[in-house]
Amino acid sequence: MNIVLFGAPGAGKGTQSTLLVERLGMVQISTGDLFRAAIKNKTELGQKAQSFMDKGELVPDSIVIGMVDEVLAKLENKSFILDGFPRTSAQAEALGKILSQRALEIGKAVFLEVPREELLGRLTGRRVCKSCGAVYHVQSKPTKVAGVCDVCGGEVIQRNDDKEDVIATRLKTYEENTLPLRTYFKELNKYVEVNGAQDTETVFSNIKRVIS
Ligand code: AP5
Ligand code: MG
Ligand code: ZN
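In this text, all values refer to a predicted model and were calculated from it rather than measured experimentally. Residue numbers run consecutively from 1 along every chain, following the written order of its sequence. Chain letters start at A and ligand numbers start at 1, both assigned in the order the entries are written. Only residues with pLDDT of 70 or above have their local features reported here, since the model is predicted, and side-chain atom pairs are shown and tallied only from 80 upward, although totals for entire chains, interfaces and linings are computed over all residues. For the side-chain quantities, the full set of heavy atoms in the structure was used; hydrogens and water were omitted.

Peer 1: Report on the packing of aromatic side chains, specifying residues and quantitative values.
Peer 2: Pairing of aromatic rings covers Phe, Tyr and Trp, the last counted by its six-membered ring, and requires centre-to-centre distances within 6.5 Å; plane angles under 30 degrees mean stacked, over 60 mean edge-to-face, and any other angle means tilted. Summed over the entire model, instances satisfying the criterion amount to five aromatic pairs. Through pairs of rings, three or more aromatic residues link up here, namely F6, F111, Y184, F185 and Y191. Whether a charge sits over a ring comes down to the Lys NZ or Arg CZ being within 6 Å of the ring centre and within 35 degrees of the ring normal. It is R23 that lies over the ring of F204; its NZ or CZ is 4.9 Å from the centre. When the ring centre of Y191 is taken as reference, the NZ or CZ atom of K186 above it lies at 4.9 Å.

Peer 1: An account of the coordination of the zinc ion (ligand 3) is requested, with residue identities and associated values reported.
Peer 2: Ligation of the zinc ion (ligand 3) by protein atoms is provided by C129 (SG), C132 (SG), C149 (SG) and C152 (SG), these donors lying 2.3 to 2.4 Å from the ion. Note that water is not among the atoms considered, so a metal site may appear incomplete; the donors listed are N, O and S atoms within 2.8 Å of the metal, with 3.2 Å applied to Na, K and Ca. Read from N- to C-terminus, the donor residues coordinating the zinc ion (ligand 3) fall into the pattern C-x2-C-x16-C-x2-C. You can see C129 sitting in strand β5 (residues 126-129) and its partner C152 sitting in the loop between β6 (135-137) and β7 (156-157), a full 23 residues away along the chain. Per-residue accessibility, obtained with a 1.4 Å probe over protein chains only, is compared with the maximum for each type, and a residue is labelled buried under 20%, exposed over 50%, and partly exposed between these values. Owing to a relative accessible area of 4%, C129 belongs among the buried residues under this scheme. On the basis of relative accessible area, C152 is assigned to the partly exposed category, the value being 42%. Put simply, DSSP marks the helices as runs of H or I at least four residues long and the strands as runs of E at least two long, and each gets a number from the N terminus on.

Peer 1: Residues and numbers for the site of ligand 1, please.
Peer 2: Any residue with a heavy atom positioned within 4 Å of a molecule or strand is treated as near that molecule or strand. In the vicinity of ligand 1, 34 residues are found, and the nearest of them are T15, E57, R87, R126 and R170. Pairs of N or O atoms within 3.5 Å make up the polar contacts considered here, provided that, within protein, one atom can donate a hydrogen while the other can accept it, and that residues adjacent in sequence are counted only when both atoms are side-chain atoms. Within the side chain of T31, one N or O atom sits 2.7 Å away from a nitrogen atom of ligand 1. Within the backbone of E57, an N or O atom sits 2.6 Å from an oxygen atom of ligand 1. In the complex, 95% of the free accessible area of ligand 1, which totals 1,000 Å², lies under the protein chains. Taken together, the elements giving at least two residues each to the shell around ligand 1 come down to α1 (13-24), α2 (31-40), α6 (116-125) and β6. Each accessible area is a Shrake-Rupley estimate made with a 1.4 Å probe; only the visible protein chains count as cover when residues are assessed.

Peer 1: How would you summarise the pattern of salt bridges if you had to cite specific residues and measurements?
Peer 2: In what follows, salt bridge is the name for a side-chain nitrogen of Lys or Arg lying within 4 Å of a carboxyl oxygen of Asp or Glu. Throughout the structure, instances matching the rule amount to 14 salt bridges. Of the charged contacts in the structure, one is a salt bridge between E57 and K55, with a shortest N-O distance of 3.9 Å. A salt bridge links R122 to E118, with the shortest nitrogen-to-oxygen separation between them at 2.8 Å. Placement of both R122 and E118 in helix α6 is noted, with a separation of four residues, approximately one turn of the helix. Since its relative accessible area comes to 36%, E118 is described here as partly exposed. The network of salt bridges with shared partners includes R126, R159, D161, D162 and R170.

Peer 1: Which residues make up the packing of α2 against helix α4 (residues 61-74), and what values do they have?
Peer 2: Simply put, an axis is a line fit to the C-alpha atoms, just over the touching stretch for a helix, and the angle between two N-to-C directions goes from 0 to 180 degrees. Where α2 meets α4, the axes come as close as 11 Å, and the angle between the chain directions of the two elements is 95 degrees. The angle between the axes of α2 and α4 places the two elements in the roughly perpendicular class. Contacts between α2 and α4 involve T31, L34 and F35 from the former and I63, V64, M67, V68 and V71 from the latter. When residues are grouped by polarity, Ala, Val, Leu, Ile, Met, Phe, Trp, Tyr, Cys and Pro land in nonpolar, Asp, Glu, Lys and Arg in charged, and all others, Gly among them, in polar. Class assignment of the residues belonging to the contact of α2 with α4 gives a composition of seven nonpolar, one polar and no charged. Roughly parallel means an angle under 35 degrees; roughly antiparallel, over 145; roughly perpendicular, 65 to 115; everything else is oblique. Should any heavy atoms of two residues lie within 4.5 Å, those residues are counted as being in contact.

And the structure:
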């Protein structure tokens, strides 16, 4: 089943996607990760996206939609997870069109519900590997050796947009643009909610249950 995984910044979309990829063989399509890779590789796409991301604002719809369309075009016959897309109603509408053109379908839109105080702690404490993108947390998931990735030995850093002032903008952007998509997916009868404020394994088993 193909799914949309949505929820606030720090809700655990990336963490859960990693488990879905490892354990169920799904493919993760994270628009945030794709933009960060583009920035790292100094591509034109990265250049366009960076200023919006650094401020915690959304990258314009036309750029994001074009990028997702390209990724879906190359997709082989594997179930995919849309992590962080769609985030606006224009993106949701565009996704509907792209999917029907490619004879693809979303089975469920899984909403990870996490209270705001928990989100702040997760985002300020998050650390990521500069090389492989593995996600850590200074308290709940520290690396074995400080500053060094357990998976690849790369340097572990704080994301540019995990600074407190940018986090505030990201949360506001999310509440205004993305939270209303709950109604959109409810109307399509695809909406399911999972309590994301539990330990990672419990959240994973609940996601697995609602998508199987
Ligand atoms: P993106 O990279 O998608 O960021 P986000 O939506 O803000 O979400 P995050 O990646 O911050 O959180 P997450 O839910 O993945 O949480 P994670 O698993 O890492 O987007 C970045 C930017 O790109 C946007 O601001 C925008 O500019 C642009 N962009 C991207 N998509 C776009 C789109 N469609 N349209 C326009 N612009 C777009 O977990 C967070 C932390 O919590 C980690 O430290 C983790 O270890 C910890 N944690 C996770 N789960 C648990 C748990 N169960 N218990 C305890 N700790 C946990
Ligand atoms: Mg993420
Ligand atoms: Zn790494």
